[in-house]
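Topology and contacts: notes
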Amino acid sequence: MKMVQCSLIIRSFNEEKHIGRLLQGIAKQTLFPFVEVILVDSGSTDETVAIAESHGAIIVHIKPEDFSFGKAINVGCAVANGEFLLFASAHVYPLYTDWLQKMLSPFEQPKVALVYGRQVGNELTKYSEHQLFKKWFPAVSNYEQVIPFCNNANAVIRKELWLQQPYDVQLTGLEDLDWATKIQTKGYVIAYEAYAPIVHVHEETPSRIKNRYRREAIALKNIYPEEKFSFWSFIRLTTTNIWSDAIHAIHDGKFFVSIASIIMFRTMQFWGTYLGYSTKAKPDETLRMRIYYPNDFRRKLFKKRETESHLGFGEKINYTEMEYSSYEKE
C-alpha cells in the first residue's frame, strides 16, 4: 500500500462544472503519488460524484439536511489517512505543479498548525472580488501570522491537531477562522503561503452574495460575541468600498464595464453582513480591517504597478491542453 502523506478533502454539492479541472490539477502535482483525494458530497444531483470517482477519489456522502461546513470537513477528516489534511473548495483549481509541495513546506516547523495559500480570480470573477482577493491574499508570504485569518478553500492542517480540536459543526460559516483562533490560543502558529495559489471561481447571483456574507456574519458574531455592525457600518463600508473599487477600476481602465457589478457586489456584501449581525463581539482590529476595509491605494494609486514576479513558483499547469468531458466544455 502506498504511503499517504496528505489527504485532500473536497466539499461538494452540484459542482460538475468545475471539479474536473481541480482533480486534473491535483493529478499534475509533484506530490500526487502521496496524496489521497476524498470527496464529501452533500447530495449532488448532477455528475459531480461520477467525475470524482473517475479520478479515483474516495467518496463520502452526507445528507443535505445534516450539512454544515464544519460537519462536512469533520466527516472527511475522520476517514483520512494522511498526516496532513488539505481542504479545497470544489470550484478552485491550482495554478502550479508544486502547489501541494508549497502548502506542506512550512510544516517543517513543528509549531505550525495551519497553512493557507493564496487565492486569485479569473475572467468570471467580479471586479470587487478581485479586490478582495488582493487584500485577503497578498503576494508576500507570512510564516508566523499574528491574526487568525485563514480560508479553507485552500488550507492544510495537521491531523493530530484536528483529532484534538475538530471543527465546530454549529457555525454557519467561518469554521476555519474559529479553528485558527482556538489553535493560536494553544501556542501554535498560522502560516500564509503566497507561492501556492489557486484560482477560486465564484459565479454568484446578488442573492447568493448576500446570503454568503449573511451566514459568515452570523458565524463571526458567535466567534466574537461582542462584535457590532450597525446600519451606519453598512452605509459607511458600502460607500467607501464602492469608491475605492471605482478608483481602482478607473486606474485599470475597467470603470465602465465594472461599475454596475461593483455597486451590486459591495451592496450585497455589506447588506448581508448587516443582516447577519447582532450587537455583540469585537475581533482584533487588524482582523476587522483584513475582512472589511478597502485596499489602501493612497501613494501608489497612480504609480505604474509592477508585473508580479513568478520567481519561486513551480511549473505552471496548462489546462488548455487537457481533455475535458462534455459537461466541462459547456
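Check the entry above for the structure.
About the thresholds
- Residues numbered from 1 in each chain as written.
- Predicted model: local features only at pLDDT ≥ 70, side-chain atom pairs only at ≥ 80, totals over all residues.
- Heavy atoms only, no water.
- Phe/Tyr/Trp six-rings, centres within 6.5 Å; stacked < 30°, edge-to-face > 60°.
- Helix = DSSP H or I, 4+ residues; strand = E, 2+ residues; numbered from the N terminus.
- Lys NZ or Arg CZ within 6 Å of the ring centre and 35° of its normal.
- Buried < 20%, exposed > 50% of the residue type's maximum accessible area, 1.4 Å probe, protein only.
- Salt bridge = Lys/Arg side-chain N within 4 Å of Asp/Glu carboxyl O.
- Expected span 1.5 Å × (residues − 1).
- Polar contact = N/O pair within 3.5 Å; in protein donor to acceptor, adjacent residues only side chain to side chain.
- Axes fitted to C-alpha atoms, helices over the stretch in contact; angles between N-to-C directions.
- Parallel < 35°, antiparallel > 145°, perpendicular 65-115°, else oblique.
- Contact = heavy atoms within 4.5 Å.
- Nonpolar A, V, L, I, M, F, W, Y, C, P; charged D, E, K, R; others polar.

1. Some details on the packing of aromatic side chains
Per the counting criterion, the structure on display carries 20 aromatic pairs. Arranged with centres 5.6 Å apart and planes meeting at 75°, the rings of Phe-231 and Tyr-274 form a pair that is edge-to-face. Of this pair, Phe-231 sits in helix 9 (residues 231-252) while Tyr-274 sits in helix 10 (residues 255-276), placing them 43 residues apart in sequence. Put simply, the rings of Tyr-116, Phe-133, Trp-136, Phe-137, Phe-149 and Tyr-192 pair up and form one aromatic cluster. The ring of Tyr-93 is capped by Arg-21, whose NZ or CZ atom sits 4.8 Å from the centre of that ring.

2. Quick look at helix 1 (residues 19-27)
For helix 1, the buried fraction is high: 7 of the 9 residues fall into the buried class. Along helix 1, the positions that sit buried rather than exposed are Ile-19, Gly-20, Leu-22, Leu-23, Gln-24, Gly-25 and Ile-26.

3. Digging into unusual backbone geometry
Positive phi values are uncommon outside glycine, yet Asn-14 reaches one of about 50°. By the secondary structure assignment, Asn-14 is in the loop between strand 1 (6-12) and helix 1. The backbone of Leu-174 sits at a positive phi, close to 55°, despite the residue not being glycine. Inspection of the secondary structure puts Leu-174 in the loop between helix 6 (159-164) and helix 7 (175-185). Accessibility expressed as a relative area gives 17% for Leu-174, which makes it buried.

4. Regarding the pattern of salt bridges
For the coordinates displayed, the defined rule picks out 7 salt bridges. Two residues, Asp-178 and Lys-182, come together in a salt bridge whose shortest N-O distance is 3.0 Å. On the criterion of helical spacing, the pair formed by Asp-178 and Lys-182 is a turn pair, its members being 4 residues apart in helix 7. Lys-182 sits in the partly exposed class, given a relative accessible area of 37%. In this structure, the salt-bridge partner of Arg-212 is Glu-204, at a minimum N-O distance of 2.8 Å. Of the two residues, Arg-212 and Glu-204, both sit in the buried class.

5. A look at helix 9
Taking 1.5 Å of rise per residue, the 22 residues of helix 9 would be expected to cover 32 Å, and the 31 Å separating its terminal C-alpha atoms lies within 8% of that figure. Within helix 9 the residues assigned to the buried category are Ser-233, Phe-234, Leu-237, Thr-238, Asn-241, Ile-242, Ser-244, Asp-245, Ala-246, Ile-247, His-248 and Ala-249. Looking at where helix 9 begins, the residue whose side-chain oxygen comes 3.3 Å from the main-chain nitrogen of Trp-232 is Ser-230. Downstream of helix 9 by a residue or two, Gly-253 has a phi angle that is positive, lying close to 70°.

6. What about the packing of helix 5 (residues 127-136) against helix 9?
It is the contact of helix 5 with helix 9, at a shortest axis distance of 10 Å, that shows an interaxial angle of 100°. As judged from the angle between their axes, helix 5 and helix 9 are roughly perpendicular. Here helix 5 contributes Tyr-127, Ser-128 and Gln-131 to the contact with helix 9, which in turn contributes Asp-245, His-248, Ala-249 and Asp-252. Residues that form the contact of helix 5 with helix 9 fall into these classes: 2 nonpolar, 3 polar and 2 charged.

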